[in-house]
Amino acid sequence: MSPSVVAQHQDATTKDPLPGSTGWNYFDRQRLRFSARWKPTDNFTADYSYDVGRDASTPFYSQLLNYNPLNMPIGPATGTLPAGTVRPLPPLVQVQGRTAAFRLPTSTSAATARS
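Residues numbered from 1 in each chain as written. Predicted model: local features only at pLDDT ≥ 70, side-chain atom pairs only at ≥ 80, totals over all residues. Heavy atoms only, no water.

A. Region of the structure containing the overall build of the protein. For the protein, the helix and strand inventory stands at zero helices and four strands. The secondary structure elements of the protein, listed N-terminal to C-terminal, are β-β-β-β. The long-range share in the protein, meaning contacts at least 24 apart out of those at least 6 apart in sequence, stands at 58%. When the accessible area of the protein is evaluated, it comes to approximately 8,500 Å², of which 56% is carbon and sulfur surface. (Helix = DSSP H or I, 4+ residues; strand = E, 2+ residues; numbered from the N terminus. Contact = heavy atoms within 4.5 Å. Areas by Shrake-Rupley, 256 points an atom, 1.4 Å probe, with all protein chains shown as cover.)

This is the structure:
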């Protein structure tokens, strides 16, 4: 007899500003596997296994949380970039915090598998 249990959990890494939403990059996974062998005689063997799993997760969300953490001098937007400088961010790119820049209902998509 060999039972096996796996449990993984991660809270949302990016908050969704919409009230009641789960948040982004959340997962809760659980798995149980059980197997047994019955061998009453040398001529007969019965193997049994059962596997069930559940995965509840939200989509991955990526946003720029930091820019130029070493505070290097800002170089030109185009052309040759001098050593020890970084390019400026394009005007459309903004640095965000730990909250998503927009509201979208996020809830877990749960799946259960059995075999």
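B. Expanded view of the packing of aromatic side chains. What the rule picks out here adds up to one aromatic pair. The ring of Phe 27 has Arg 29 sitting right over it, with the charged end atom 4.0 Å from the ring centre. (Phe/Tyr/Trp six-rings, centres within 6.5 Å; stacked < 30°, edge-to-face > 60°. Lys NZ or Arg CZ within 6 Å of the ring centre and 35° of its normal.)

C. Looking closely at the pattern of salt bridges. Using the criterion set out here, one finds three salt bridges in the structure. For Arg 37, the salt bridge identified is with Asp 47, shortest N-O distance 2.7 Å. Linking Arg 37 in strand S2 (residues 27–41) with Asp 47 in strand S3 (residues 44–57), this pair joins segments that are ten residues apart in sequence. The two residues Arg 37 and Asp 47 agree in class, both being exposed. (Salt bridge = Lys/Arg side-chain N within 4 Å of Asp/Glu carboxyl O. Buried < 20%, exposed > 50% of the residue type's maximum accessible area, 1.4 Å probe, protein only.)

D. Local environment of the environment of Phe 34. Structurally, the position occupied by Phe 34 is in strand S2. Separated by 14 residues in the primary sequence, Phe 34 and Tyr 48 have C-alpha atoms spaced 8.2 Å apart.

E. Layout of the pairing of S2. In this sheet, S2 lies alongside strand S1 (residues 4–10) in antiparallel orientation, the contact comprising seven bridges. Its bridge partner lying in S2, Ala 7 is registered against Gln 30. Bridge analysis of S2 against S3 gives 13 bridges, and the strand direction is antiparallel. Bridge pairing in S3 places Arg 33 opposite Asp 51. Once S2 ends, the chain turns through two residues before running back antiparallel as S3. (Pairing = 2+ DSSP bridges.)

F. Looking closely at the side chain of Thr 85. Here Thr 85 lies in the loop between S3 and strand S4 (109–114). With a relative accessible area of 17%, Thr 85 lands in the buried category. Engagement of the side chain of Thr 85 in a polar contact is seen with the backbone oxygen of Pro 82, the distance being 2.6 Å. Leave out the neighbours within four places in its chain, and Thr 85 touches Met 72, Pro 73, Ile 74 and Gly 75. (Polar contact = N/O pair within 3.5 Å; in protein donor to acceptor, adjacent residues only side chain to side chain.)

G. View of unusual backbone geometry. In this structure, Asn 25 takes a positive phi of about 70 degrees despite not being glycine. Among the secondary structure elements, Asn 25 is positioned in the loop between S1 and S2. Despite not being glycine, Asn 71 shows a phi value in the positive range, around 55 degrees. By secondary structure assignment, the location of Asn 71 is in the loop between S3 and S4. Looking at Asn 71, the relative accessible area reads 66%, which means it is exposed.

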